[in-house]
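Summary of structural features
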Number of protein chains: 2
Amino acid sequence: MSDTTEQQYSTSQLQHITDALSNGMYVQVRKTLHNMPACDVALVLESTPSKVRTELWQLIDPEFHGDVLEELSEDVRNGIIRNMVPEKVADAVEDMDTDNLVELLRTLPDDTVQEVLSSMDFQDRQRAEKALAYGEETAGFVMNTDTITLRPDVTIDVILRYLRLKGDVPEDTDTFYVVNRHDKLVGYVPVTKLLTARTDMTVKELMTKNAEGIPVEMPERDVAKLFERYNWLSAPVVDAENHLLGRITIDDVVDIIREDAEHSMMSMAGLDDEADTYAPIMKSTRRRSIWLGVNLFTALLAAAVSDLFEATLSQLAVLAILNTIVPSMGGVAGNQTLTLVIRGMALGHVSPGNSKPLVIKELAIGALNGIIWAVLIASVVALWKQDVMLGAIIAFAMMINMVAAGLAGATLPILMQRMNIDPALAGSVILTTITDVVGIFAFLGTATLMLMP
Amino acid sequence: MSDTTEQQYSTSQLQHITDALSNGMYVQVRKTLHNMPACDVALVLESTPSKVRTELWQLIDPEFHGDVLEELSEDVRNGIIRNMVPEKVADAVEDMDTDNLVELLRTLPDDTVQEVLSSMDFQDRQRAEKALAYGEETAGFVMNTDTITLRPDVTIDVILRYLRLKGDVPEDTDTFYVVNRHDKLVGYVPVTKLLTARTDMTVKELMTKNAEGIPVEMPERDVAKLFERYNWLSAPVVDAENHLLGRITIDDVVDIIREDAEHSMMSMAGLDDEADTYAPIMKSTRRRSIWLGVNLFTALLAAAVSDLFEATLSQLAVLAILNTIVPSMGGVAGNQTLTLVIRGMALGHVSPGNSKPLVIKELAIGALNGIIWAVLIASVVALWKQDVMLGAIIAFAMMINMVAAGLAGATLPILMQRMNIDPALAGSVILTTITDVVGIFAFLGTATLMLMP
């Protein structure tokens, strides 16, 4: 809790480190990095181009490699680990919490994982292999196993004496879990209750009973929603028979919440949500090219629709000039609806059961938008091109495309979710294809009907 | 910690409530709502159209109105409060935590706030007015004042006896703060340390010294970053003289983190980030129309650029057909860069000090993209239209626009941040304008030069 003026602090520090590095003052950089908390060192690494990053990594005391790796985002971490020999990785991860260790191992290529595992000592390897057996991005994946458990029939006095003897408790312990002799979860006692309770009470008298644990296979995103909704600081994780397996703490959940919230935004631009801001050029280009390829295909599709009206376009160049307006407005309106629905789904507001009023509402907004922007564009075009008929045609196309945009924006994500396709990833491109095709058809089609002999 | 199978649970429950309501089974709905935790009732309200919402609100026991209001998102809450008489609002908010109360009052129209305040009893009013004096969205705004403080010279034994006498501690207490006799913050003691420490030790011996508090005027977004970075569960808030004013707990920070992460995505679509998924049609239409209006203007600007080449377009209809491809690809590539940079800024990876390598990197990606997609589009067009020259022209335009997209996507958000404009809100529309104008100019301009006599 030392540094509270972080923004300025770390920016100037970063500048300082980068300058010192480019001047070859390695000793000074090493010293500066040594005096920073691991989370700040991670931020410095994430804020530098991949080449500088490699140099910086060499200057960090190997003893702190593990701490820094824990704080790094997946993409940046993988880039660094790929350049390390497996023994070094094994050394670095030795002291990691299980949850962080497993998360790290999970993101590595399989052969590297095997090499790292075989470089570990027996106990660490066993711990890691057990945790790796849980499904990716599940409760088992993010839980920690360093839990203090209490037995129901013990008195508070005994517990307090035991804790004083032990001298400390695992990090971020806010609740002790109570298990019976079969290790099944039967209740919990907040740490603060041990402070305020009479010492002759038993755990059984003090505990909140019938606590349900989080099933070990629950997806981490659902775990995060529960934490967010019920304001938990930690929660017990259990197997199908209610055996206590570990606990999840809020600090890991915060990361999931941020990643979850960022996911939609990054996906909608066709970017991997763990993407490294300073990733190497070739890697970034390759990653983004899929999205650009899909877009080229849809742009060609739109061009092919225009191509159907070549005869009209060759006679009336003014149509070519105005041809982009209706698709563009439809795209923006549709994306507003799409974004709202995708966010509503992420927050749990939209589900198959209550989607009907939402679709009706968005259709109504589309119709209203259609009227507003049809009137406006008709006036602009009629004045600009001195052609009332042309204004009427573009207004008609605008009406149709705005309704199509509202309908597509609201129904697409709901349909895609039902088909288990991520609407954030593919929704935007399909929507734009629809609004482009409908917009061009409506405008050039109507124009052909009305203006061509 | 009762309900862990939330997704199915609340969806079927919502269906059940909606069905019962439309069948006029008010007593049953009232009973169901009564048995749900406040956070779930809030979710039900957020998941229903505004009309049904009003009916549901009537069926909630007024005693729980306050709890539910605390859990609701700003937009939905305001809609409900606007329909309540101020005395009822005052009754509902009576038992709220200071931070939630102030957050609620802050979002209400000024005259409603005055009415609510004057309906409160003296003590509540004083508490609220004091907290309202802090700047909006600052640490003072989200802090709680129910902190237990310790004095340095007291022994642990005395504290434990005091706590047992008191019987409980404020919710989410994980740390006790230590103040001197002038109420200045001098250190802190985690709750768990009181359990493990020898009881004859003094607070002074046990505490972590020199704890810096969060300045009361720090923006809440920066507070959230600190929590996220240092994995805090709570943190003390101090004034300029280091007097302890209160504490911020992780449960409030989690909301800020989600809102902050969502903000960029919603802003990029021109949506208010607190927007209610089921807001009334007129309200939604009005809100979204600003964005559509801006887009209409930029679409007309692009049309005006095409208009400059009317002579070319009227002779070569094929140009009209292909005219949308280059702007579209530039828009997608530019938006990828823009999204990445905006997210990098939010995470603190991008700052004026280290933006140069980022701009260079994105320019290089733009150039690489330009080459890839130029070759591809040239081949497609040459084959489709049987015209190698046309292929070469569109390839040239693609090259130029991709570089422009990379440059604009990387520099725009950095420039805008320097000018204190939110890049998430305005970046995308300015970027698209640039890629449209450059794309059309490059394509039609080159075509005019090369193909026109």
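None of these values were measured; they are calculated from a predicted model.

A few words now on the overall build of chain A. Across its full length, chain A carries 23 helices and seven strands. In terms of overall dimensions, chain A is more spread out than a globule: its C-alpha atoms have a radius of gyration of 29 Å, far above the 22 Å expected for 453 residues. With respect to the principal axes defined by its C-alpha atoms, chain A has extents near 95 × 60 × 45 Å. Across the 453 residues in chain A, those meeting the buried criterion constitute 58%. A fraction of 67% describes how many contacts in chain A between residues 6 or more apart in sequence connect residues 24 or more apart. Total accessible area on chain A is roughly 18700 Å²; 56% of this is exposed by carbon and sulfur atoms. A gap of 5 Å separates the mean positions of the 35 positive and 61 negative side-chain charges of chain A.

Next up on the list: the domain arrangement of chain A. All names here are of chain A. According to the domain assignment, chain A contains domain 1 (6-142), domain 2 (149-265) and domain 3 (281-451). Taken residue by residue, the interface counts ten residues in domain 1 and 13 residues in domain 2. The junction of domain 1 with domain 2 conceals about 850 Å² of combined surface from both sides, 53% of it contributed by carbon and sulfur atoms. The tally of links between domain 1 and domain 2 comes to zero salt bridges. At the junction of domain 1 with domain 2, the criterion picks out four residue pairs in polar contact (both at pLDDT 80 or more). Ranked by residue count, the leading element in the side of domain 1 that touches domain 2 is helix H11 (residues 139-142), at four residues.

The next point concerns the UniProt feature "transmembrane region" (unreviewed entry) in chain A. All names here are of chain A. Sites flagged by UniProt as "transmembrane region" (unreviewed entry) map to residues 290-309, 363-384, 390-412 and 424-452. Strand forms 0% of residues 290-309 and helix 90%; the C-alpha atoms that close the span are 30 Å apart. Helix makes up 100% of residues 363-384 and strand 0%, whereas the separation of the span's terminal C-alpha atoms amounts to 30 Å.

Turning our eyes to something else, we now look at the interface of chain A and chain B. Counting residues at the interface gives 136 residues for chain A, matched by 136 residues for chain B. Overall, the association of chain A and chain B removes approximately 12500 Å² of surface from exposure, summing both partners, and the carbon and sulfur fraction of that is 64%. Linking Asp-40 of chain B and Arg-229 of chain A is a salt bridge whose minimum nitrogen-to-oxygen distance equals 2.4 Å. On inspection of chain A and its partner chain B, the count reaches 36 residue pairs in polar contact (both at pLDDT 80 or more).

This brings us to unusual backbone geometry. Here Asn-242 of chain A, not a glycine, exhibits a phi torsion of approximately 70°, which is positive. Locating Asn-242 of chain A in the fold gives a position in the loop between strand S6 (234-238) and strand S7 (244-249). Note on Asn-242 of chain A: relative accessible area 25%, which makes it partly exposed. A positive phi is found at Asp-172 of chain B, a non-glycine position, where the angle reads about 55°. Residue Asp-172 of chain B is classed as partly exposed on the basis of its relative accessible area of 22%.

Bringing the sheet that holds S6 of chain A into the picture now. All names here are of chain A. Spatially, S5-S6-S7 is the arrangement adopted by the three strands of the open sheet, whose pairing is mixed. Every interior strand has two partners, whereas the edge strands, strand S5 (214-215) and S7, have only one. Here two bridges tie S5 to S6, and the two strands are oriented parallel to one another. For Ile-214, the partnering residue across the bridge sits in S6 and is Val-237. Against the sheet, helix H15 (residues 220-230) engages S5, S6 and S7, with an angle of about 65° to S7.

Each copy superposes on the other: chain A lies on chain B with an RMSD of 0.1 Å after a rotation of 180° and an axial shift of 0.0 Å. With respect to symmetry, the two chain copies, as superposed, fit the operation of a two-fold axis. Looking at chain A, 100% of its interface residues are interface residues in chain B too, so the copies touch through the same face.

All names here are of chain A. Note: strand S2 (residues 175-179) against strand S3 (residues 185-190), five bridges, orientation antiparallel. Following the sheet pairing, Phe-176 is matched in S3 by Val-189. Between S2 and the antiparallel strand that follows it, S3, lie five residues; Asp-183 among them carries a positive phi value of about 65°. In this structure, S3 lies alongside strand S4 (residues 208-209), joined through two bridges in antiparallel fashion.

Turning next to a nonpolar patch on the surface. All names here are of chain A. A cluster of nonpolar residues, Met-389, Leu-449, Met-450 and Leu-451, forms a patch on the protein surface that exposes about 390 Å² of accessible area. When residues of the nonpolar patch are assigned to their parent elements, the largest contribution, three residues, is made by helix H23 (residues 423-451). For Met-450, the position within the fold is in helix H23. Owing to a relative accessible area of 48%, Met-450 belongs among the partly exposed residues under this scheme.

It is worth spelling out the UniProt feature "domain: CBS" (unreviewed entry) in chain A at this point. Sites flagged by UniProt as "domain: CBS" (unreviewed entry) map to residues 143-205 and 207-265 of chain A. Here residues 143-205 of chain A is 32% helix and 21% strand, with 28 Å between the C-alpha atoms at its ends.

Rules of the game
Every chain is numbered independently, its residues counted from 1 as its sequence is written. The order in which chains are written sets their letters, starting at A; the order in which ligands are written sets their numbers, starting at 1. The predicted nature of this model means local features are confined to residues of pLDDT at least 70 and side-chain atom pairs, given and counted, to a pLDDT of 80 or more, with totals for whole chains, interfaces and linings taken over all residues. Hydrogens are left out, water is left out, and the side-chain values use all remaining heavy atoms of the structure. A run of H or I in DSSP counts as a helix once it spans at least four residues, and a run of E counts as a strand once it spans at least two, with each numbered from the N terminus. Values of the radius of gyration come from C-alpha atoms, whereas the globule rule sets the reference at 2.2 Å times the count of residues to the power 0.38. Here the term buried applies to any residue with accessible area under 20% of the maximum for its type, exposed to any over 50%, and partly exposed to those in between, with areas from a 1.4 Å probe on protein chains only. Contacts are assigned to residue pairs with any non-hydrogen atoms lying within 4.5 Å of each other. To be clear on the numbers: accessible area is Shrake-Rupley with a 1.4 Å probe, and residue cover counts the displayed protein chains and nothing else. For the purpose of counting charges, residues Lys and Arg are taken to be positive, whereas Asp and Glu are taken to be negative. His and the chain ends are not included. Throughout, a charge is located at the NZ atom of Lys, the CZ atom of Arg, the CG atom of Asp or the CD atom of Glu. What marks off one domain from the next here is an automatic or database domain assignment. Accessible-area loss on putting two parts together, using a 1.4 Å probe and summing over both, is the definition of buried area adopted here. Definition used for salt bridges: Asp or Glu carboxyl oxygen within 4 Å of a side-chain nitrogen of Lys or Arg. We define a polar contact as two N or O atoms separated by no more than 3.5 Å, with the added condition that, inside protein, one atom must be a possible hydrogen donor and the other a possible acceptor, whereas residues neighbouring each other in sequence contribute only through side-chain atom pairs. UniProt positions are given in the numbering used here, feature names are shortened, and annotations may be inferred rather than shown by experiment. For two strands to be treated as a pair, DSSP must find no fewer than two bridges joining them. A fitted line through C-alpha atoms represents every axis, and for helices the fit uses only the stretch in contact; the resulting angles, taken between N-to-C directions, go from 0 to 180 degrees. The least-squares superposition of copies is restricted to C-alpha atoms, and to residues with a pLDDT of at least 70 in both copies. Exposure above 30% relative accessible area and the lack of any salt bridge qualify a residue for a patch; like charges then connect within 9 Å, and the nonpolar side chains Val, Leu, Ile, Met, Phe, Trp and Tyr within 5 Å.

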